[in-house]
Amino acid sequence: MLNENIKNLRKNKGLTQEEMAIRLNVVRQTVSKWEKGHSVPDAEMLQKIAELFDTDVSRLLGSSVAENGDVDAVAEQLARISEQLTIRNRRSRRIWKIIGIIAIVIVVINLLLIILSASAFSNYAFETGTEVIVQEYETE
């Protein structure tokens, strides 16, 4: 919600991420992380963003936080958003870890199959090779 609001307000104002970053005295990647929902600005930065877009913090947060400048309410809302991002990132890391483990297991199984098939082939070739030699020797 916050990330979408920041992105929409920035585009409505006709700013690029770089221009917004310069006005807020941050790097462009920080703005990108805010817009993608990978991180959230702190309460002070949230106030600066609201001033940049001529809006209030409650509109940025997309909730009914009172406009009386209650910093505790804003901080509480940011804490909830940050907690949600942490949970989402934790799930994402867990999923990628499981995918990695599955990929490693598949590779190990394939390597074992290759080794076993090579071993079986070399045993077969050795056994059939000696039979041919014995047959040729007996016929002479």
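Residues numbered from 1 in each chain as written. Predicted model: local features only at pLDDT ≥ 70, side-chain atom pairs only at ≥ 80, totals over all residues. Heavy atoms only, no water.

What exactly am I supposed to notice about the overall build of the chain here?
What the chain contains, in helices and strands, is six helices and zero strands. Reading the chain from its N end, one meets helices and strands in the order α-α-α-α-α-α. Put simply, the chain has 140 residues, and 24% of those count as buried. Partitioning the intrachain contacts of the chain with sequence separation of at least 6 by distance along the chain shows that 57% fall at a separation of at least 24. (Helix = DSSP H or I, 4+ residues; strand = E, 2+ residues; numbered from the N terminus. Buried < 20%, exposed > 50% of the residue type's maximum accessible area, 1.4 Å probe, protein only. Contact = heavy atoms within 4.5 Å.)

I keep staring at the packing of helix α1 (residues 2-13) against helix α3 (residues 28-36) and nothing clicks. Help me out?
The description of two helices packed together rests on the angle between their axes and the distance between the axes. Closest axis-to-axis distance for the α1/α3 pair is 6 Å, and the angle between their directions is 120°. By the angle between their directions, the pair α1 and α3 is classed as oblique. For the pair α1 and α3, the contacting residues are Asn3, Ile6, Lys7 and Arg10 in the first and Trp34, Glu35 and Lys36 in the second. The class makeup of the residues in the contact of α1 with α3 is two nonpolar, one polar and four charged. (Axes fitted to C-alpha atoms, helices over the stretch in contact; angles between N-to-C directions. Parallel < 35°, antiparallel > 145°, perpendicular 65-115°, else oblique. Nonpolar A, V, L, I, M, F, W, Y, C, P; charged D, E, K, R; others polar.)

Explanation requested: unusual backbone geometry in the structure shown.
A negative phi angle is the norm for most residues apart from glycine, just as the trans form is the norm for most peptide bonds. Even without being a glycine, Asn25 presents a positive backbone phi close to 65°. When you line up the elements, Asn25 lands in the loop between α2 (17-24) and α3. Overall, Asn25 belongs to the exposed group, its relative accessible area being 73%. In this model, Asp54 sits at a positive phi of 50°, which is unusual for a non-glycine residue.

Sorry, what's going on with the environment of Leu2 here?
The residue Leu2 is located in helix α1 in this model. Apart from the residues lying within four places of it in its own chain, the contact partners of Leu2 are Val40, Pro41, Leu46, Leu60, Leu61, Leu78 and Ile81.

Just to check I follow, could you spell out the environment of Gln17 for this structure?
Tracing the sequence through the fold places Gln17 in helix α2. Residue class for Gln17 comes out buried when judged on its relative accessible area of 18%. Put simply, Gln17 and Arg28 are 11 residues apart on the chain and 5.8 Å apart in space, counted from C-alpha to C-alpha. The contacts of Gln17, once residues within four sequence positions are left out, are Arg10, Arg28, Val31, Ser32 and Glu35. A polar side-chain atom of Gln17 sits 3.2 Å from a polar atom in the side chain of Arg28. (Polar contact = N/O pair within 3.5 Å; in protein donor to acceptor, adjacent residues only side chain to side chain.)

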